[in-house]
Each structure stands twice: as structure tokens, then as C-alpha cells.
Amino acid sequence: MVFMRFRPQLIFSSLPRAIPKPRTPPAATLAAAAARRRHHSTAVATSMAAPSEDALRRALAERQAAVDAQAEAVRTLKAGGGASKAQVDAAVEALKALKIDAGATARRLQQAVGAGAGGGGAAREELRQAVVNALERKLFYIPSFKIYRGVAGLYDYGPPGCRVKANVLSLWRQHFVLGENMLEVDCPCVTPEIVLKASGHVEKFTDLMVKDEKTGTCYRADHLLKDFCKEKLEKDLTLPQEKADEFKRILAILDDLSPEELGAKIKEYGIVAPDTKNPLSDPYPFNLMFQTSIGPTGLSVGYMRPETAQGIFVNFKDLYYYNGQKLPFAAAQIGRAFRNEISPRQGLLRVREFTLAEIEHFVDPEDKSHPKFVDVADLEFLMFPRELQLSGESAKLMKLGDAVSKGTVNNETLGYFIGRVYLFLILLGIDKGRLRFRQHLPNEMAHYAADCWDAEIECSYGWIECVGIADRSAYDLRAHSEKSGVPLVAHEKFSKPREVEKLVIVPSKKDLGLAFKGSQKMVLEALEAMSEKEALEMKAALETKGETNFNVCTLGKDVVITKKMVSISMEKKLEHQRVFTPSVIEPSFGIGRIIYCLFEHSFYTRPSKSEEEQLNVFRFPPLVAPIKCTVFPLVKNQEFDDAAKVIAKSLTTAGISHIIDTTAISIGRRYARTDEIGVPFAVTVDSPTNVTIRERDSKEQIRVDISEVAYVVKQLTEGQSTWADVSAKYPAHVGPQGDQE
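Quick caveat, the model's predicted, so the values are computed rather than measured.

### A word on the overall build of the chain
- Assigned secondary structure in the chain consists of 24 helices and 28 strands.
- Expressed along its principal axes, the backbone C-alpha trace of the chain runs to roughly 95 × 95 × 55 Å.
- Looking at the chain residue by residue over its 741 residues, the buried ones come to 52%.
- Sequence separation of 24 or more characterises 70% of the internal contacts of the chain that already satisfy a separation of 6 or more.
- Only carbon and sulfur atoms are counted for the fraction: they give 54% of the accessible area of the chain, which is about 34,700 Å².
- Positive and negative charge centroids in the chain, built from 98 and 96 side chains respectively, lie 3 Å apart.

### Re a nonpolar patch on the surface
- A surface patch of nonpolar side chains, amounting to about 520 Å² of accessible area, comprises Phe145, Ile147, Tyr148 and Val151.
- In this structure, Tyr148 sits in the loop between strand S1 (141-143) and strand S2 (155-157).
- For Tyr148, a relative accessible area of 66% puts it in the exposed group.

### Here's the deal with the UniProt feature "domain: Aminoacyl-transfer RNA synthetases class-II family profile" (unreviewed entry) in the chain
- In this structure's numbering, the residues bearing the UniProt feature "domain: Aminoacyl-transfer RNA synthetases class-II family profile" (unreviewed entry) are residues 266-607.
- Between the C-alpha atoms that bound residues 266-607 the distance is 48 Å, and the span itself is 28% helix and 37% strand.

### So, unusual backbone geometry
- Cis peptide bonds are those with omega within 30 degrees of zero, and the linkage from Leu327 to Pro328 qualifies with -5°.
- Relative to the helices and strands, Pro328 is located in the loop between helix H12 (316-322) and strand S10 (329-338).
- For Leu139, which is not glycine, the phi torsion reads 65° and is therefore positive.
- Tracing the backbone shows Leu139 in the loop between helix H4 (122-137) and S1.

### Details of a positive patch on the surface
- A grouping of Lys197, Lys204, Lys483 and Lys521 is seen on the molecular surface, where their side chains present a positively charged patch.
- Assignment of secondary structure puts Lys483 in helix H16 (residues 475-484).
- When its relative accessible area of 45% is taken as the criterion, Lys483 is described as partly exposed.

### Quick look at the sheet that holds strand S11 (residues 353-363)
- A sheet is described by the order of its strands in space; here nine strands give the open sequence S3-S10-S11-S21-S16-S15-S14-S12-S13, paired in mixed fashion. Each edge of the open sheet is held by one strand with a lone partner, namely strand S3 (183-184) and strand S13 (396-399).
- Taken together, the five bridges between strand S16 (residues 462-471) and strand S21 (residues 583-590) define a ladder with antiparallel strand orientation. Bridged to Ala470 within S21 is Glu586.
- Where helix H15 (residues 412-428) meets the sheet, it contacts S11, strand S12 (380-384), strand S14 (435-439), strand S15 (451-459), S16 and S21, and its direction lies at approximately 145° from that of S16.

### Quick word on the side chain of His370
- When you line up the elements, His370 lands in the loop between S11 and S12.
- Within the structure, the side chain of His370 is placed 3.0 Å from the backbone nitrogen of Lys372, a separation counted as a polar contact.
- Those residues in contact with His370 that sit more than four places away from it in its chain are Glu412, Thr413 and Tyr416.

### Quick look at the packing of aromatic side chains
- For the structure shown, the criterion picks out 29 aromatic pairs.
- Relative to Tyr269, the ring of Phe228 lies with its centre 5.1 Å away and its plane at 15°, an arrangement referred to as stacked. Residue Phe228 is located in helix H8 (residues 221-235), and its partner Tyr269 is located in the loop between helix H10 (259-268) and strand S7 (284-287); the two are separated by 41 residues in the primary sequence. Taken individually, Phe228 and Tyr269 each receive the classification buried, so the pair is uniform in this respect.
- Taken together, Phe313, Phe316, Tyr320, Tyr321, Phe329 and Phe362 form an aromatic cluster joined through their ring pairs.
- Positioned above the aromatic ring of Phe580 is the side chain of Arg578, whose terminal nitrogen or guanidinium carbon lies 4.0 Å from the ring centre.
- Note that Arg694 overlies the ring of Tyr671, its terminal NZ or CZ placed 4.3 Å from the centroid.

### Some remarks on H4
- Given a rise of 1.5 Å per residue, 16 residues ought to cover 22 Å, and the 22 Å separating the end C-alpha atoms of H4 matches this to within 8%.
- Here H4 has its buried residues at Arg124, Arg128, Val131, Val132, Ala134 and Leu135. For H4, the angular spread of the buried residues around the axis is 160°, confining them to a single face. The exposed residues of H4 that point more than 90 degrees off its buried face are Ala122, Ala123 and Glu126.
- After H4 finishes, the residue Leu139 shows a positive phi value of roughly 65°.

### Examining the sheet that holds strand S9 (residues 300-304)
- The three strands lie next to each other as S4-S9-S8, forming an open sheet whose pairing is antiparallel. With one partner strand each, in any of the chains shown, strand S4 (190-192) and strand S8 (291-294) form the two edges of the open sheet. Here the strands of the sheet are splayed against their neighbours by 45° on average, with no regard to which way each runs.
- Alignment of S8 against S9, held across four bridges, turns out to be antiparallel. Within S9, the residue paired with Gln291 across the bridge is Tyr303.

### Points about the packing of helix H17 (residues 509-516) against helix H18 (residues 520-528)
- Where H17 meets H18, the axes come as close as 9 Å, and the angle between the chain directions of the two elements is 130°. Here H17 is positioned oblique relative to H18, judged by the angle of their axes. By crossing handedness, the relation of H17 to H18 is classed as right-handed. Along its contact with H17, which presents Lys509, Leu512, Gly513 and Phe516, the element H18 presents Gln520, Val523, Leu524 and Leu527.
- Its residues assigned to classes, the contact of H17 with H18 comprises five nonpolar, two polar and one charged.

### Concerning the pattern of salt bridges
- Applying the stated rule across the entire model yields 44 salt bridges.
- Between Asp101 and Arg63 there is a salt bridge whose closest N-O contact spans 3.4 Å. Of this pair, Asp101 sits in helix H3 (residues 85-117) while Arg63 sits in helix H2 (residues 53-80), and the two are 38 residues apart along the sequence.
- For Asp101, a relative accessible area of 0% translates into the label buried.

Definitions and limits used
Residues numbered from 1 in each chain as written. Predicted model: local features only at pLDDT ≥ 70, side-chain atom pairs only at ≥ 80, totals over all residues. Heavy atoms only, no water. Helix = DSSP H or I, 4+ residues; strand = E, 2+ residues; numbered from the N terminus. Buried < 20%, exposed > 50% of the residue type's maximum accessible area, 1.4 Å probe, protein only. Contact = heavy atoms within 4.5 Å. Areas by Shrake-Rupley, 256 points an atom, 1.4 Å probe, with all protein chains shown as cover. Lys, Arg positive; Asp, Glu negative; His and termini not counted. Charge placed at Lys NZ, Arg CZ, Asp CG, Glu CD. Patch = residues over 30% accessible without salt bridge, like charges linked within 9 Å, V, L, I, M, F, W, Y side chains within 5 Å. Salt bridge = Lys/Arg side-chain N within 4 Å of Asp/Glu carboxyl O. UniProt positions renumbered as here; feature names shortened; annotations may be inferred. Pairing = 2+ DSSP bridges. Axes fitted to C-alpha atoms, helices over the stretch in contact; angles between N-to-C directions. Polar contact = N/O pair within 3.5 Å; in protein donor to acceptor, adjacent residues only side chain to side chain. Phe/Tyr/Trp six-rings, centres within 6.5 Å; stacked < 30°, edge-to-face > 60°. Lys NZ or Arg CZ within 6 Å of the ring centre and 35° of its normal. Expected span 1.5 Å × (residues − 1). Arc of directions from axis to C-beta. Parallel < 35°, antiparallel > 145°, perpendicular 65-115°, else oblique. Left-handed = near helix turned anticlockwise from the far one by under 90°. Nonpolar A, V, L, I, M, F, W, Y, C, P; charged D, E, K, R; others polar.

Next up, the structure:
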């Protein structure tokens, strides 16, 4: 149930040492020498450390001030007439040296901004275009309804794209559903309004929108403000440090801005419609769900589901009984979700219809340990806890076990799923150096959530949230229990009755409604979500003072609670069983986002044999590759064609996807053509009894008997053997066929 939002992260590195200010005339010769020394020290500093963007901005401001002062000095010397030619020449040389110094600092700042902005920079744009061009040309995916000029945010997967997606989902099922013995369900896409009212989507699943006041074109308000701030930071190298800090602060708190604050900033910065430069309306909320009606009367309102999770929550009672009334257990679902994005962009990363794979792991809120946590405790990967984010530091390598034991990750079950998500993404082929787990900041977390982490993958667009792993407490089941009147609870039976003291919180809906009107529900939910310690502290304050301040996270402020608004007591009861609402640990996977990042991480180019062109290659792991192998008769020959058909039949029997290419082009060209769609192995038939198998990335070949081809390829594609394993077992082939790309 993670509401994914793309949040590129700014990356800051260590500060450089202090840089002396340049001197200016009348000591022109000394100024030139000082400028040369500064230029040298800057080069040394570059080789020793990577200065931060802030430090480089300060350095550039100092150097530009020195250039301006030196230029004024040169003008003064020339205008005065009293200076000798040698003095004027020395001053001009000093000015040149200062300009060189300032130019070098400006270039370093541009590089730092491009790297930190996660998507700025010519190299990232060039990579993105190369990848997208290759994907569309090879029909991995294309814009939907292209002959009608398409619709933004809708894409079709072509044959190789469908196979990659199917392989990713197959691995997901194997890794999670089978590996964790989960209960898989498949629920409808059309969801009745009452379900989404209970979950909060009808009221809260919104983005702020602005309109072009003349054309009516709609834009996401926060995107316009974000783009403005990013463009200023990336392109305006003379931006004062105070203004740069202001823009960075806005980017950091963008999700927290109210409609009024967002509108004020848009007006303050003079932001207009990007296409027409017309003025914009004030921001207002737009619900992202596609509304429909169920049945012919139009009286039953429904929505296309914005996530798959609600189908699992509303079926909790039946799933609990199916599982033998035992906790913990997990339910999983793969399915389509729909979000009517205001201005979709960034290809597969932000679309209106997409595939989600979601897990709801139900657990006793009093015991969130996990018996298999030891299996992932020693994993070490990049983690970005909130403390590092708030202090401006970068993500750091951490052991998962240490993160849980120190309380950085809230509990073992949450930690276990973080570890399992990491292993899954690495198995797919995601570069572990460009994968991190970022903890939500306090302003991103719902008041009921215990802890939330996002698996973020770096691509040409920056750091992209691809998986959300959240401990959502018991919020969802409680919300549906209250709305439906059906208790979605679990039971723990005692061997003998127990006397227990229970906290009872009873808010007065009437008094809360009179006091807080439209905010009543948020205050009520916050009161009911209090811990025992918080509740007892409030009880004491109410008994002594009659009222107390109470922070409501969803309102972002304190409210005054009086004694008549809530009753808090501890009651003793004799219980034969414990009835409780389970907590939910939820990993939610954006499959399209993961696949796009996999495309970028797998893409590279290499020169052809003649070195006259660069050839595209996708280095998909065999488990993910759309086609596992190709079969090439080396030359047009009936004997070779018959052998190729025998091999193809054995591959089909073994369940291995393959293609036969009998075209007349060179074998090297055929290799290059299949490398471009990521086929990991190529079988070349150059004999009626034995053949060669070529590995895509190394271009190495081994010779194998025809009867063994299917067995060898199956071992390789299912991960039971590596290329090194088979290379040690079978003879290498070095011959004239080679690679002719």
C-alpha cells in the first residue's frame, strides 16, 4: 500500500579545505602569482578530495569577485595613463589567471551539480536516450496507441518486454510466494467506493494540481516547483549560497507543503505554464483514482484500484481461517493498478496503468521477531537511515543485523523482508552499488506507521523508489473492521485463564466533532493509536489540569484535548484468550520501475570487430533474459539445418525459449543482433554431430555434442551451473567462425 513518489536525492560529499581569497592590484604581479598558486592548490585538492557543491559555490563566488576586482583594476590602470606598459601587462596576466581559475571552479561545480542532481548531466541523458532507443527499436516496449499519437503514461510491452516481465514475475513468485510459503490471491481491479473510503484513498489519495489559466492544461504543482529549483541549482552557477540553500530546503520539504504554501512559492518565483508561459491557477487537490460505476444504473460508484493491497485486507478473515488460525502468515498478489497521473513522464517510471506485486505479512504486534532473520543478518549493503539524511551525509554500507540490533530498523520481521528484497533485486541483475535502502523521514511517515524503508535504485533519472517496505502497524485491518462492522482480528488461546489489565481508550466522537469539525477523524485516529505510556500520561494530565496539548501528526500541529473528549482507563479482566488486530509488514514492488532500472543496469556498448561502430548489448542474467539461446546454422546447408531442428526440438522439450536464425548474413552479425536483445547463449551448428555454445558477454565458446546441448543450456539458464563450470568441463572452441561483429 505504498504510495510511490519519485524523490531524487541530492548527494553531498566532504568539504574542501579553506581557499585563500585572491589579492588584487596595485600589487599586480603578486596577484598573478597568487592566482597561479591558487590554481595549483585547486588541482591538488581535486585529486585528494571531492569538494561539496556548497563549498564549490562559495569558492566560485570568491573567484568571480576576484575577477571583477581585477578587471576593475585593469580598467583603472589603462584609464589613468600613469602606469607603465609592464604594469598593465602584469595586471592583464593576473586577470587571465583569475579567469582560468574561476572557469575551472565553474566546471567542477557543474560536474558536482550534475552528479548530485541524479538526472542532470549530458552523460545521463545520453545513456537514457541510447537505452530507450534500443528498447523501442527492439520492441521491448512502445507508447500505447501510437498510430493515434499515443496517450501519455500508457505503454505496451512487446514480445521481448513481455518475456522479461514474465521472467521477473516468475522469479518473484519463486523467491517470495514459494520461498516463504505465502498465500497468493487474485482480486478484481474494480473496487467499490466503500472499500476505498475505509482505506482513506477517496479522501487522501490526491496530488496538488495547477491549470494554465488560458488553455486549461494541467500540471502537477510540486513538479513545477521541483523542476524550477533543480534547474536553478544545476544551471545557475552564480546562484548565491543563501538562495541555493533555500532551493535545497524546498526540495527537502516539498511533500510537506500545503496548497497555500505551494501556491505562494509558485507566485514568489514567477513560475508559469512551461509550454505557453501563461499564468497558473492556485493549486488544488486532484484525486488520482479512475472513477467508474458498477452496474447499469450508475448508482454504485467504484474505482479502478490504485493498489492491490485492499483485496488482501478485506479477505483477511477467510485467509486467517484458511491458514489454520495461525500467525504469522503472508498473503501475496500480483496485479494491475491504476493511477490517473496529472502529468506522467519519465517513461515506465510514472505511468497510469502498471503492475504491482504486493505482500501483506500479518504478525502479532507484540512479537515481531522472525525465525529466519539469522539467514539475512550478515548481509551488508547501502543503507540510508534518517539520521544520515538529516545530517546531509550519504548512504553507508551497514550489516542488516547491526541495523536491527541498534534499532535503526524497527524489528526483525521488517529487517528480514528488507534482506529478502535486497537478495531478489541482486538476483534480477540490479547493480548492488546503485541500490540503497532509504528510511522514510518523520514527515513522510503516517502517524500509525512504525517504520518504513524504500529500496531505491539509481538510474539516469536519479534514485528511484522501486520497492516500499513498511511496518504499517494495525491501521488497515482496524479501518476495514470499523467501516464494515466485521472484526478482522486474530486469537491467541491461553492454556488457563489470565487476569489481565487492559488499556481502554474511548474517544467521544460528539465532543471531538464539535471541537475539531472536519479534522475530527484524524484526531480520533491519533487518540486510538496512542501507546500505553502516552495514554497514561494524558490521563494524568487530564485529571490534574482538565486539558492537555496533544500532537496530531496528520494535522502537523498540537491540539487541545479536554477531559470530556476522551476516557482513558485501565481495567482488569479474566481472559481465556487474547483477541488482537495483527500488524502488517508490507513490501510493495513497482514491477515496471524495477524492469526499467534493470534495462539501464544491463545495457552497455562494445566496438565491432572493425571498430567502426558501437554495438548495443543487454547483459541480462539468464534467469531474466527474454530468450535463453539462439540456434545458428553456420552456413546454408541441409545437414546443418536438420541438426538445428533436432537441437530446437530438444530445447522445446526442455522448456527453453529459443529462436533459429537461418538468414544469410554473417554469423557475427547474427551474434550482434541477438546480443542486442540480451540472449545469453548462442548455439552455432558447424557440424552434424557437435556444435559450439557461445556466451554473450565474454564471447567465449565451448564445443558440445548435439545430444548434450539442451542439458548444458538448461543448467546455465536455470542457474544450476555457471559459465566457468561448463568451460572447465567442455573443450574451448577457437576457430575461424569467431565473432565478426
